[in-house]
Structure formats: structure tokens, C-alpha cells
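Here is what each chain is made of, one letter per residue.
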Amino acid sequence: MTLQSALGRRALTERAKGILMERHSISEGNAFELLREHSRIANRKLIDLAAALIDSHRLLPKRPRT
């Protein structure tokens, strides 16, 4: 794995965590744990799950403001 690909993977994970943090009002650590848990349950690589989340998050409704 090259440094460039590692940085790209990191960027995808960070974007996915940001989406989860915004949608669920959770911390960065909790967002990562949510990604990790779903990755394990679905038997999918975390990076693949993060990419899928990034690709599809615009289809989901915005979190209602309180």
C-alpha cells in the first residue's frame, strides 16, 4: 500500500465519520465504533462501508433540527 492510497483511505473514513457524527449527533469515537461494528456485522471491509455511506448519504433525509 502506498502512502497516497493510505491517505485516500483515511480521507474516506474521516468523511464517513463526519456524516455519521452529523446525522446521529455522536462523537468521532462513537462514529468510528459504529462504522467498525457495522463492518464486522456485515462482513465488509470498513473502507468499503465508508465509501458506500459517502456515495449514498445524500439520499437520506437530513437530521431534523431541534
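Remember, it's a predicted structure, so these values are computed and weren't measured experimentally.

J.: Provide a residue-level description of the environment of Ser 25, including the pertinent values.
T.: By the secondary structure assignment, Ser 25 is in the loop between helix H1 (3-24) and helix H2 (28-42). Each C-alpha atom, one on Ser 25 and one on Ala 6, is 27 Å from the other, the two residues being 19 residues apart in sequence.

J.: Outline the pattern of salt bridges, supporting the account with residue identities and numerical values.
T.: One pass over the full model with this rule turns up five salt bridges. As a salt-bridge pair, Lys 17 and Glu 14 come within 3.1 Å of each other at their nearest N and O atoms. Separated by three residues within a single helix, Lys 17 and Glu 14 lie in helix H1, roughly one turn from each other. On the accessibility criterion, Glu 14 (30% relative accessible area) is partly exposed. With its nearest N and O atoms 3.1 Å apart, the salt bridge here joins Arg 36 to Glu 33. In this pair, Arg 36 and Glu 33 are both assigned in helix H2, three residues apart and thus about one turn of the helix distant. Arg 36 sits in the partly exposed class, given a relative accessible area of 40%. Overlapping salt bridges bring together Arg 10, Glu 14, Lys 17 and Glu 28 as one network.

Definitions and cut-offs
- Residues numbered from 1 in each chain as written.
- Predicted model: local features only at pLDDT ≥ 70, side-chain atom pairs only at ≥ 80, totals over all residues.
- Heavy atoms only, no water.
- Helix = DSSP H or I, 4+ residues; strand = E, 2+ residues; numbered from the N terminus.
- Salt bridge = Lys/Arg side-chain N within 4 Å of Asp/Glu carboxyl O.
- Buried < 20%, exposed > 50% of the residue type's maximum accessible area, 1.4 Å probe, protein only.

By themselves these figures say nothing about function.
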